[in-house]
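# A closer look at the structure
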Amino acid sequence: MRPDDRRYLPSHEWAKLDDETVLVGITDFAVKELSSGNEGDLVYCDMPEVGRLVAQGETFGEIESVKAVADLNCPVAGEIIEINAEIEEHLEVLSQDPWRKGWLIRVKPESTSLDHLLDAEAYEALLEKSEH
Amino acid sequence: MSRWRLFESPDLDPGLNMGLDEALLESDAPPTLRLYGWSPDTLSLGYFQRFADVPATRRASRVVRRITGGGAIHHDAGELTFALTCAAHEPPYDTSIPESYARVHGAVIEALAAVGVDAKLRDEDALASERTATGMCFHASTPLDIVWLARKGVGSAQRRRAGRVLHHGSIKVHASELEEGVASFAVAGSTATRGQVGAALVSAFERLLDARFESAEPSPELLAEARERGARYLAKDFVRRR
């Protein structure tokens, strides 16, 4: 079971409330899809500028593995107030710890409600459906 | 049986080629296979590549940057490009990314066999086409790449955006002087042409997807959008963005 202290997008990003801000990352499933389980397969990650305003669902960055370039979508609307600078140089962190050290951006959200996103149970059900 | 559109283009301007693929990715267009060439010969950079890391940029007539990843490719008269575009929940992409490669590459291998090229997945084999510090797609490989006679002969890369997939493939029919040591049909003893391998690809994709491919032309609206989108692929700030 994925962590139930956060919510999820069907495109495999997670959002977690942290005080009045929202941390955003990608799930272990997304990492596995992109890297085939080999952390060296993740090659680039383009992160946004701090201060950028994003809409809910808007692409805020891009990640490339050996075999695919994929968009990174923001689960909430708001202002990007911090990026995890370590990720661009150390993509292996995403494979090692996608839930904590592998956060990508911190957003000051327009609303702290995450009710529009999937809870862990619904996200698990989505994955189960896509794997069968 | 599903239906796919087949756009077979003559050698097109590089910006228009890239603009068409992006327009198909960005729309809710029906599943589409494009088979195309390039004029003039063009070097395409992978989306994240650094311009300075690809010495061959100095020797190609034109340089563009793709929106798919991977390494640089020289598209000349001896190369056939294919582009599959559809929703990510449709075959062959209704599975994991590695499995989608395995499916598509299985069809490509079948098509190559039909034109006399005995190709296979690289798996763990060592290749004679590997080179360092060229930045070229065909000089690096993964186990899922298609090879013959220990040389990489097909390049492949995907872009995933908003629930859709663009899958670029590149087949080396003849050798390019910018891609020393890679596979060609000649080394496999095949005299097949780009047109023949294109026709074989369509048949193989039809079997893979249980689909009927119907030849069509891009609409004037799609072409106009492709021209608009295509301009940036040749623009210096995009080509040299890294």
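In the block above lies the structure referred to throughout.
Residues numbered from 1 in each chain as written. Chains lettered and ligands numbered in written order. Predicted model: local features only at pLDDT ≥ 70, side-chain atom pairs only at ≥ 80, totals over all residues. Heavy atoms only, no water.

## Details of unusual backbone geometry
Going from B:Ser39 to B:Pro40, the amide bond is cis rather than trans, its omega being 0 degrees. Residue placement: B:Pro40 occurs in the loop between strand E2 (32-38) and strand E3 (42-45). The residue after B:Pro91, namely B:Pro92, is reached through a cis peptide bond having omega 10 degrees. Among the secondary structure elements, B:Pro92 is positioned in the loop between strand E6 (79-87) and helix H2 (97-114). For A:Asp19, which is not a glycine, the phi torsion comes out positive at approximately 55 degrees. On the secondary structure map, A:Asp19 appears in the loop between strand E2 (13-18) and strand E3 (21-26). Even without glycine at this site, B:Ala133 takes up a positive phi of about 65 degrees. Mapped onto the secondary structure, B:Ala133 falls in the loop between strand E7 (120-121) and strand E8 (146-148). A relative accessible area of 70% places B:Ala133 in the exposed class. (Helix = DSSP H or I, 4+ residues; strand = E, 2+ residues; numbered from the N terminus. Buried < 20%, exposed > 50% of the residue type's maximum accessible area, 1.4 Å probe, protein only.)

## A look at the pattern of salt bridges
All names here are of chain B. Enumeration over the complete set of coordinates arrives at 27 salt bridges over all chains. Note that Arg229 is salt-bridged to Glu225, the shortest N-O span being 2.8 Å. On the criterion of helical spacing, the pair formed by Arg229 and Glu225 is a turn pair, its members being four residues apart in helix H4 (residues 220-234). Given a relative accessible area of 29%, Glu225 falls into the partly exposed group. (Salt bridge = Lys/Arg side-chain N within 4 Å of Asp/Glu carboxyl O.)

## Observations regarding the interface of chain A and chain B
In this complex, chain A contributes 14 residues to the contact, which on the side of chain B involves 21 residues. With both sides pooled, the region where chain A packs onto chain B buries about 1500 Å², and carbon together with sulfur makes up 49% of that total. Of all residues in chain A, A:Glu33, A:Lys67 and A:Val69 give up the largest surface area on contact with chain B, accounting jointly for 43% of the area buried on that side. In this structure, the connection of chain A to chain B is made through five salt bridges. At the junction of chain A and chain B, the tally comes to nine residue pairs in polar contact (both at pLDDT 80 or more). Residue assignment for the side of chain A that touches chain B shows that the elements contributing at least two residues are helix H1 (28-35), strand E4 (42-46), strand E6 (59-65) and strand E7 (68-73) of chain A. Ranked by residues supplied to the side of chain A that touches chain B, first place goes to E7(A) with four residues. Residue classes in the side of chain A that touches chain B are distributed as seven nonpolar, one polar and six charged. Of the strand pairs in this sheet, E7(A) and strand E9 (residues 151-161) of chain B are connected by three bridges, and their pairing is parallel. (Contact = heavy atoms within 4.5 Å. Buried area = accessible area lost by both parts, 1.4 Å probe. Polar contact = N/O pair within 3.5 Å; in protein donor to acceptor, adjacent residues only side chain to side chain. Nonpolar A, V, L, I, M, F, W, Y, C, P; charged D, E, K, R; others polar. Pairing = 2+ DSSP bridges.)

## Concerning the sheet that holds strand E1 (residues 7-8) of chain A
Residues and elements named next belong to chain A. Strand order in the open sheet formed by six strands is E1-E2-E3-E9-E8-E5, with antiparallel pairing between adjacent strands. This sheet does not close on itself; its edge strands, each paired only once, are E1 and strand E5 (53-54). Bridge count for E2 against E3 is six bridges, and the pairing is antiparallel. From the neighbouring strand, Trp14 faces E3, where its bridge partner is Gly25.

## A short note on the side chain of B:Arg34
Residue and element names in this part refer to chain B. Relative to the helices and strands, Arg34 resides in strand E2. Owing to a relative accessible area of 1%, Arg34 belongs among the buried residues under this scheme. A distance of 2.9 Å separates the side chain of Arg34 from the side chain of Asp21, its partner in a polar contact. With residues near it in sequence (within four places) discarded, Arg34 still touches Phe7, Ser9, Leu12, Asn17, Leu20, Asp21, Leu24, Thr81, Phe82 and Ala83.

## Some points on the sheet that holds strand E4 (residues 62-65) of chain B
Residues and elements named next belong to chain B. Spatial strand order, E4-E3-E5: three strands in an open sheet with mixed pairing. Sheet topology places E4 and strand E5 (73-75) at the edges, where each strand pairs with a single neighbour. Pairwise comparison of adjacent strand axes, ignoring direction, gives a mean angle of 25 degrees for this sheet. (Axes fitted to C-alpha atoms, helices over the stretch in contact; angles between N-to-C directions.)

## Structural notes on H2(B)
Residues and elements named next belong to chain B. Relative to the 26 Å expected for 18 residues at 1.5 Å per residue, H2 spans 26 Å between its end C-alpha atoms, a close match to the ideal helical length. If you check which residues of H2 are buried, you get Ile97, Ser100, Tyr101, Val104, His105, Ala107, Val108, Ile109, Ala111 and Leu112. Its side-chain oxygen placed 3.2 Å from the backbone nitrogen of Glu99, Ser96 serves as the N-cap of H2. (Expected span 1.5 Å × (residues − 1).)

## Concerning the side chain of A:Asp41
All names here are of chain A. Its place among the elements puts Asp41 in the loop between H1 and E4. With relative accessibility at 18%, the residue Asp41 sits in the buried group. Setting aside residues up to four positions removed in sequence, Asp41 forms contacts with Leu34, Ser35, Ser36, Glu64, Ser65 and Val66.

## Description of the packing of aromatic side chains
The way to describe two aromatic rings as a pair is by their centre distance and the angle between their planes. Inspection of every chain in the model, using the stated rule, returns 10 aromatic pairs over all chains. Ring centres of B:Trp4 and B:Phe213 lie 5.5 Å apart, and the angle between their planes is 20 degrees; this geometry places the pair in the stacked category. Here the residue B:Trp4 occupies a position in strand E1 (residues 2-12), and B:Phe213 occupies one in strand E11 (residues 211-215), the gap between them amounting to 209 residues. Ring centres of B:Tyr47 and B:Phe238 lie 6.4 Å apart, and the angle between their planes is 55 degrees; this geometry places the pair in the tilted category. Of this pair, B:Tyr47 sits in the loop between E3 and E4 while B:Phe238 sits in helix H5 (residues 236-239); the two residues are 191 residues apart in sequence, bridging distant segments of the chain. A single burial state applies to B:Tyr47 and to B:Phe238, both of which are buried. Within the aromatic cluster, the residues linked to one another by ring pairs are A:Tyr44, B:Tyr47, B:Phe48, B:Tyr233 and B:Phe238. (Phe/Tyr/Trp six-rings, centres within 6.5 Å; stacked < 30°, edge-to-face > 60°.)

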